[in-house]
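Structural overview
Below are the chains, spelled out letter by letter.
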Amino acid sequence: MRIGIVGAGWWAGFAHLPAFQSAGAQIGGVWSRTLAKAQQIAERAGAPAFVRYEDLLTHCDAVAICTTDNTHAPLSIQALQAGKHLFLDKPIARSVAEGQAILEAARAHGRTGLTAFTSRGDLAAETARRRVEAGELGEVLYVRGLFHGGYMGDPAGPTPWRAKAELGGAGGAVADLGAHLFDLVRMVTGLEFSEVMAQASIHLPRPDPVTNYDEGAVLARLGSASGAFSLSRVHIGGVQVLELEVQGTRGALRLQPAMWGQGGSGRLWLAHRPGDYREVSPDPDLLRGRDPAWPWGHFQFAELARRFLEAAAQNLPVTPSLEDGMAAQKVIDAAVTSSQHNAWTQV
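Attention in this report is confined to the structure presented alongside it. As a convention, each chain's residues are numbered from 1 in the sequence order in which they are written. Under the rules for a predicted model, residues below a pLDDT of 70 receive no local features and side-chain atom pairs below 80 are neither given nor counted, while totals for whole chains, interfaces and linings still include all residues. Water and hydrogen atoms were dropped before computing side-chain values, which therefore reflect all heavy atoms in the structure.

1. Regarding the sheet that holds strand β15 (residues 345-346)
- Following DSSP output, two strands are said to pair if at least two bridges run between them. Strands here mean DSSP runs of E at least two residues long; helices mean DSSP runs of H or I at least four residues long; both are numbered from the N terminus. The strand order across the open sheet formed by nine strands is β14-β13-β12-β11-β7-β10-β9-β8-β15, and the pairing between neighbours is mixed. Sheet topology places β14 (278-280) and β15 at the edges, where each strand pairs with a single neighbour.
- Relative to strand β9 (residues 215-222), strand β8 (residues 195-201) runs antiparallel, the two being bridged by seven bridges. Within β9, the residue paired with M197 across the bridge is L219.
- The sheet contacts of helix α11 (residues 322-341) involve β8, β9 and β15, and relative to β8 the element is tilted by about 65°. The contact criterion used is simple: two residues touch if any of their non-hydrogen atoms lie within 4.5 Å. To get an axis, fit a line to the C-alpha atoms, keeping to the stretch in contact for a helix; angles then go from 0 to 180 degrees between the N-to-C directions.

2. Focus: the sheet that holds strand β3 (residues 49-50)
- A sheet is described by the order of its strands in space; here six strands give the open sequence β3-β2-β1-β4-β5-β6, paired in parallel fashion. The open sheet is flanked by β3 and β6 (113-116), the only strands paired with a single partner.
- Note that strand β2 (residues 26-31) and β3 share two bridges and pair parallel. The residue bridging V30 from the neighbouring strand is A49, located in β3.
- Contacting β1 (2-6), β2, β4 (62-65) and β5 (85-89), helix α4 (residues 72-81) crosses the sheet at an angle of about 165° to β5.

3. So, α11
- For a helix, the expected span equals 1.5 Å multiplied by the number of residues minus one. Relative to the 28 Å expected for 20 residues at 1.5 Å per residue, α11 spans 28 Å between its end C-alpha atoms, a close match to the ideal helical length.
- In this scheme, a residue with accessible area under 20% of its type's maximum is buried, one over 50% is exposed, and one in between is partly exposed, where area comes from a 1.4 Å probe on protein chains only. Of all 20 residues that make up α11, 14 are buried, and the element is covered over most of its length.
- The opening residue of α11 is S321, an N-cap whose side-chain oxygen sits 3.2 Å from the backbone nitrogen of E323.
- Following α11 by one or two positions, N342 adopts a phi angle in the positive range, close to 55°. Under the rule applied, a polar contact is a pair of N or O atoms within 3.5 Å (in protein, one hydrogen donor and one hydrogen acceptor; residues adjacent in sequence only if both atoms are side-chain atoms).

4. Considering the packing of aromatic side chains
- Two rings belonging to Phe, Tyr or Trp (six-membered ring only in the last case) form a pair when the distance between their centres is within 6.5 Å. Interplanar angles under 30 degrees mark stacking, angles over 60 mark edge-to-face geometry, and anything in between is tilted. Applying the stated criterion to the full structure yields 16 aromatic pairs.
- Judged by centre distance (5.9 Å) and plane angle (50°), the rings of F193 and F229 are tilted. Of this pair, F193 sits in the loop between α9 (178-189) and β8 while F229 sits in strand β10 (residues 225-232), placing them 36 residues apart in sequence.
- Residue classification places F229 among the buried residues on the basis of a relative accessible area of 3%.
- Three or more aromatic residues joined by ring pairs make a cluster, and in this case those are W10, W11, F14, F20, F87, W260, W296, F301 and F308.
- The rule for a charge over a ring is simple: NZ of Lys or CZ of Arg within 6 Å of the ring centre, and within 35 degrees of the ring normal. A cation sits over an aromatic face here: R221 above W344, 3.9 Å from the ring centre.

Next up, the structure:
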């Protein structure tokens, strides 16, 4: 299957390109608004770089989109209308309305669509889901999670596109980091968010103004279980960390998916009630031919690319789906609304 790489930023070259190469795809070409950047990635792939998006679409069977969030909907819909399968980086869009338009286009044209959540291909995260599905935790009582990063911790630093609502959506860190965390909760526990109560803020004024949230605290109802989540892009004092803890009637788990370094470096701890955490090794059969020494990003996306190629070849659904992307986006939008109105908001 021929894959068109859409976007030529760091993540496209670091994760998307090597993942599809590892999965055995042919790279049909690369398109970016900046031709010189597209040419750099295209040269690595031994593929052409295109000036026009329409020309890339004639040289591929599917697209892997890694662009600013404001372009996800128009680029995805154009590709789907041209009969291409869709591998779309998270979040699915800037809003539920934009995400719904993508989903409807995929359904109308009968194409396979995947939302690329990194942790869905993480070894420790997949092992955690298996343990929950096997009943080791019993009924889930409550969930706690955080995603803290300091990539905007310097108020004198530049303002990236992600901090502009018109490009990255109103959620800011609640969207950029929350998409990962909210989907991880759904993946590991199988629970769905029903209501949220959020407080989100812009904390660090900059010469180039920030127009979406630096940080957010989100309370959630997930059926009979409760959740509490912390998200920040201005969190200094340590390395970036994504962590999820699930407490159940029979046991508990603590999960840290891989973050930088080697792809297989995620960690998982389990406890039986009553008792203390002990670290457990990931299930080796979940490697599925990957080398845990591969770089983070490449390692996780290689599994997502494998699933996508297999599903698209047979025009079948795939996980994580566009519907999974929409589920996370609904939590994001509800959290933004809750923060604006200081009220519990249905997801």
